[in-house]
Amino acid sequence: MTSFVSDTEQVAAATAANASSPSLAYHPDFASPNADVVLRTSDGVQFRTAFELLCRTSAWFRAMFTLPQASGTDRNEPIPVPESAKVLSDLLNIVNGTTLPALDDIDHIEALLAVADKYEMSMVISVIRLVLSSRNLDVSAIRLYGIACRMSWGKEAKEASSRTLTTNLFSAAAQTELAAMEPSHRNKLLDLHRRRRAEFFAALDDEAEFYANIRGSPCNLRTPGISCTAPLDHSHWWALKYALMKRWDEAPLDQGLDETVYRLLEMRDMFAANCFTCKRSIYGMPATIGKINAVIRALPRSVEVSVARVGAWLTSFLLTHRAPLVVQLPDSTA
């Protein structure tokens, strides 16, 4: 959520900066003289829009327009807002239904979402939510997860957390995005990755599932004329587990073993491992690989996200605690 204090400071700065300008330009898409509210952005662009539109599409403006007006209020005085012309024009275009702006830059989308959330514009939030659910949008899964958590979008947060499963959380890019996340949300994602890693290697150490974990287990080959009970050397199995553990943090697995694992030297050595005495192949590789993949598919795949969120009471709190604004109301006789 946008800081109340920050908004007040930005509005004050914008008001002071624009006070010295004798003539401010109107945005070409919002310059109708029939509009009854004027908004002025931080970069000095004015927007004529309808009082009815703002009240209908924004709980924030609807609440603000109910406040008593200061004595001597100039009805033609623009309302300063801390947003840029680009953000405000996209915001108003969406609620106006005139055009859908290009929403293909994640930095701009996130800025627009923050403003829509602040002004409680549910239509804009819904449009952005739909855009963020597209797989065609160029955005990292970690950043998408952080946005979804912040908005308490449970379904999107769970899906985004699943898309991070093959991400190296120790990379510089991932660390930057994790640092920008709210601690409670970041901790849930880190805990998901930690649990997957711990459960995976605990399962690989299970003697009941993988007999190669039993040191000195006998060959037990029984064929006509051959009975081998020589102890087996499972060093190749332990080498593979170590190789998987070493690469997990940088290249964690999602649905199963990938091509990079099959090309590991340790995997090839397991394929070739034989009993020293009878020379039979120790491991049934299709079965072994199938068991490993089953372990991976059984790992937890997403975080649990609470959908509880602060409601519309925040609007009244904001309006009560922020600096007073001079508000232009439509003429009731018009």
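Residues numbered from 1 in each chain as written. Predicted model: local features only at pLDDT ≥ 70, side-chain atom pairs only at ≥ 80, totals over all residues. Heavy atoms only, no water.

## A few points about the overall build of the chain
When helices and strands are tallied, the chain shows 15 helices and five strands. Contacts in the chain between residues at least 24 apart in sequence constitute 66% of all its contacts with a sequence separation of at least 6. For the chain, the accessible area works out to roughly 17,300 Å², and carbon and sulfur atoms hold 56% of it. (Helix = DSSP H or I, 4+ residues; strand = E, 2+ residues; numbered from the N terminus. Contact = heavy atoms within 4.5 Å. Areas by Shrake-Rupley, 256 points an atom, 1.4 Å probe, with all protein chains shown as cover.)

## Regarding the sheet that holds strand β2 (residues 46–49)
Strands sit in the order β2-β1-β3 across an open sheet of three strands; the sheet is mixed. Of all strands in the sheet, those bounded by a partner on one side alone are β2 and β3 (79–80). (Pairing = 2+ DSSP bridges.)

## Concerning the pairing of β2
Across four bridges, strand β1 (residues 37–40) lies against β2 in antiparallel orientation. Looking at β2, one finds that Val38 is bridged to Arg48. Count of turn residues in the β1/β2 antiparallel hairpin: five residues, of which Gly44 carries a positive phi of about 80 degrees.

## A look at the nonpolar core
The nonpolar side chains of a soluble globular protein tend to be buried with one another. Grouped together as the largest cluster of nonpolar side chains are 56 residues, with contacts concentrated most on Leu39, Phe61, Leu91, Val124 and Leu132. Sort the elements by how many residues they give to this core and helix α4 (residues 85–96) lands first, with seven residues. In this structure Leu91 touches Leu112, Val115, Ala116, Tyr119, Met121 and Val124, once residues within four positions along its chain are discounted. (Core = buried A, V, L, I, M, F, W, Y, C linked by side-chain atoms within 4.5 Å. Buried < 20%, exposed > 50% of the residue type's maximum accessible area, 1.4 Å probe, protein only.)

## A short note on the confidence of the model for the chain
When the pLDDT values of the chain are averaged, the result is 84; 82% of them are 70 or greater. Contacts of residues 1–22 to residues separated by more than four positions or lying in other chains number 29 contacts, the stretch itself having pLDDT below 50. Under a pLDDT of 50 for its full length, residues 310–334 has, in the predicted model, 47 contacts with residues more than four places off or in other chains. (pLDDT = per-residue confidence, 0-100.)

## Description of the pattern of salt bridges
Overall, the coordinates contain 14 salt bridges when judged by the stated rule. Measuring nitrogen to oxygen at the nearest pair gives 2.7 Å for the salt bridge that ties Glu52 to Arg56. In this pair, Glu52 and Arg56 both sit in helix α2 (residues 51–57), four residues apart, roughly one turn of the helix. Classification of Glu52 by relative accessible area gives partly exposed; the value is 45%. Close ionic contact of Asp258 with Arg247 constitutes a salt bridge, the shortest N to O distance being 4.0 Å. Residue Asp258 is found in the loop between α11 (235–248) and α12 (259–262), and its partner Arg247 is found in helix α11; the two are separated by 11 residues along the sequence. (Salt bridge = Lys/Arg side-chain N within 4 Å of Asp/Glu carboxyl O.)

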